[in-house]
Amino acid sequence: MEKYKKLLEIAKNSLKYSYSPYSNFSVGAALLLKNGDIITGVNVENASYGLGICAERVAVVKAISEGNKEFEAIAIVSGKIKNCFPCGSCLQFMSEFSQDLDIILEGENNEPIVKKIKEFLPYMFSGKMLNFEP
Ligand code: THU
């Protein structure tokens, strides 16, 4: 649990880099790799609203583009609310790389809430349905 508290702290530290002038809803993510490295992400919005990207997907894209796809956990925080759930698009995006990922949220009492990605997305669409195993 200490490990996940630290992960939440790292996600919180990244909130200052969120580019969210349109929603004013900052989100920070900290992705823990199986090798122990941590990669952060923030939401990045755009004047063309639909182009904005969530913090979780930024973290995952950073990791993949650096050759890392073994994920253990991702902590997600918002500067506005506690217990900030990942959106459906991010769940699908993350499930591509780990169907056993721990999702770490910040509970009301500051204790980490730990849930498996499968709890959020029990029926994930996967490469198996395309007869494809990456
Ligand atoms: N947002 C995330 O970064 N992650 C989520 O899982 C949900 C929403 C961002 C998108 C947008 O910049 C802001 O939060 C408000 O929707």
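Here, the structure is the one placed above.
Keep in mind it's a predicted model, so treat the numbers as computed, not measured.

About the thresholds
Residues numbered from 1 in each chain as written. Predicted model: local features only at pLDDT ≥ 70, side-chain atom pairs only at ≥ 80, totals over all residues. Heavy atoms only, no water. Helix = DSSP H or I, 4+ residues; strand = E, 2+ residues; numbered from the N terminus. Buried < 20%, exposed > 50% of the residue type's maximum accessible area, 1.4 Å probe, protein only. Contact = heavy atoms within 4.5 Å. Lys, Arg positive; Asp, Glu negative; His and termini not counted. Charge placed at Lys NZ, Arg CZ, Asp CG, Glu CD. Core = buried A, V, L, I, M, F, W, Y, C linked by side-chain atoms within 4.5 Å. Patch = residues over 30% accessible without salt bridge, like charges linked within 9 Å, V, L, I, M, F, W, Y side chains within 5 Å. Areas by Shrake-Rupley, 256 points an atom, 1.4 Å probe, with all protein chains shown as cover. Salt bridge = Lys/Arg side-chain N within 4 Å of Asp/Glu carboxyl O. Arc of directions from axis to C-beta.

### A short note on the overall build of the protein
Argument step 1. A count of helices and strands for the protein gives four helices and five strands.
Argument step 2. Counting from the amino terminus, the protein carries its helices and strands in the arrangement α-β-β-α-β-α-β-β-α.
Argument step 3. Across the 134 residues that make up the protein, the buried fraction comes to 42%.
Argument step 4. Here the contacts in the protein between residues at least 6 apart in sequence split such that 59% fall between residues at least 24 apart.
Argument step 5. In the protein, 15 side chains carry a positive charge and 16 a negative one; their mean positions are 1 Å apart.

### Let's talk about the nonpolar core
One broad trend across soluble globular proteins is that nonpolar side chains are buried collectively.
Argument step 1. Ranked by size, the top nonpolar core spans 21 residues in total, and within it Leu31, Phe71, Ile74, Met94, Leu101, Ile103 and Ile117 carry the most contacts.
Argument step 2. Once you skip the residues sitting within four places of it in the chain, Leu31 turns out to touch Asp37, Ile38, Ile39, Ala59, Val60, Ala63, Phe71, Ala73 and Ile74.
Argument step 3. Within the second largest apolar cluster, eleven residues are counted, among which are Leu7, Leu15, Leu32 and Val77.

### Topic: a nonpolar patch on the surface
Argument step 1. A contiguous nonpolar surface patch, about 510 Å² in accessible area, is contributed by Tyr19, Tyr22, Val44, Tyr49 and Ile53.
Argument step 2. Owing to a relative accessible area of 31%, Ile53 belongs among the partly exposed residues under this scheme.

### Points about helix H3 (residues 88-95)
Argument step 1. Turning to H3, its buried residues are Cys90, Leu91, Met94 and Ser95. The arc enclosing the buried residues of H3, seen along the axis, measures out at 130°, which places them on a common side.
Argument step 2. In this structure, the buried side of H3 is in contact with helix H2 (55-65), strand S3 (71-78), strand S4 (102-106) and helix H4 (117-120).

### Observations regarding the pattern of salt bridges
Argument step 1. Tallying each qualifying case throughout the model produces eight salt bridges.
Argument step 2. Of the charged contacts in the structure, one is a salt bridge between Asp100 and Lys116, with a shortest N-O distance of 3.6 Å. Of the two residues, Asp100 sits in the loop between H3 and S4 while Lys116 sits in strand S5 (residues 112-116), which places them 16 residues apart along the sequence.
Argument step 3. Taking relative accessible area as the criterion, Lys116 reaches 31% and is therefore assigned partly exposed.
Argument step 4. Residues participating in the shared-partner salt-bridge network are Glu9, Lys12, Lys82 and Glu106.

### Here we look at unusual backbone geometry
Argument step 1. With phi around 55°, Asn24 is a residue other than glycine that occupies positive phi space.
Argument step 2. Relative to the assigned elements, Asn24 resides in the loop between helix H1 (2-14) and strand S1 (27-33).
Argument step 3. The phi angle at Asn83 is positive, at roughly 55°, despite the residue not being glycine.
Argument step 4. Within the element layout of this structure, Asn83 appears in the loop between S3 and H3.

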